[in-house]
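Analysis of the macromolecular model
So the chains spell out like this:
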Amino acid sequence: MRRLFWLGIGLAVGVVVVRKATRTAQAYTPAGIVGGLSQSAGGLVESLRSFVEDVRIGMAEREQEIHEAFARGEAFDDQFAELREDPRIGDREIFPEDHQR
């Protein structure tokens, strides 16, 4: 009975090891490498789509806030006005005078 038990354990471990080795070997074949790359690229594209969608939602919300403030006759709350009025920052020119054509 003991021998039969250990034979069963050995067979089970052997099956697990062979299946794991087959999966690992398949991952290093050209088809496996392409599959892994396509999954990685797909994840990257999905992350980029999610980011762009979040930015669009934020832009739409901010645009709605601006329209509502304009409709109420309130001045637009420009968060960056102080920075532009700062003489150290200001509205910098793209090309200084000495580099113009």
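Quick look at the structure, then. Small disclaimer: the values here were computed from a predicted structure and weren't measured.

Of regular secondary structure, the protein possesses three helices and zero strands. The linear arrangement of helices and strands in the protein, starting from the amino end, is α-α-α. The proportion of buried residues among the 101 residues of the protein is 3%. A total accessible area of about 9,900 Å² is found for the protein, and carbon and sulfur atoms account for 62% of it.

This paragraph deals with the pattern of salt bridges. Inspection of every chain in the model, using the stated rule, returns one salt bridge. With a closest N to O distance of 2.9 Å, arginine 62 and glutamate 65 form a salt bridge. Here arginine 62 and its partner glutamate 65 are both found in helix H2 (residues 30-71), three residues apart, which amounts to about one turn of the helix. In this structure glutamate 65 comes out as partly exposed when scored by relative accessible area, which is 42%.

What counts as what
Numbering of residues begins from 1 in every chain and follows the order in which that chain's sequence is written. Where totals are concerned, whole chains, interfaces and linings use all residues; where local detail is concerned, this predicted model gives features only for residues with pLDDT of at least 70, and gives and counts side-chain atom pairs only at 80 or more. Processing note: side-chain calculations cover all non-hydrogen atoms of the structure and skip hydrogens and water entirely. The helix count covers DSSP runs of H or I at least four residues long, the strand count covers runs of E at least two residues long, and both are numbered beginning at the N terminus. To sort residues, take the accessible area from a 1.4 Å probe on protein chains only and compare it with the maximum for the residue type: under 20% means buried, over 50% means exposed, and anything in between is partly exposed. Only the protein chains shown count as cover for residues, and all accessible areas are computed by the Shrake-Rupley method using a 1.4 Å probe. We count a salt bridge whenever a side-chain nitrogen from Lys or Arg sits within 4 Å of a carboxyl oxygen from Asp or Glu.

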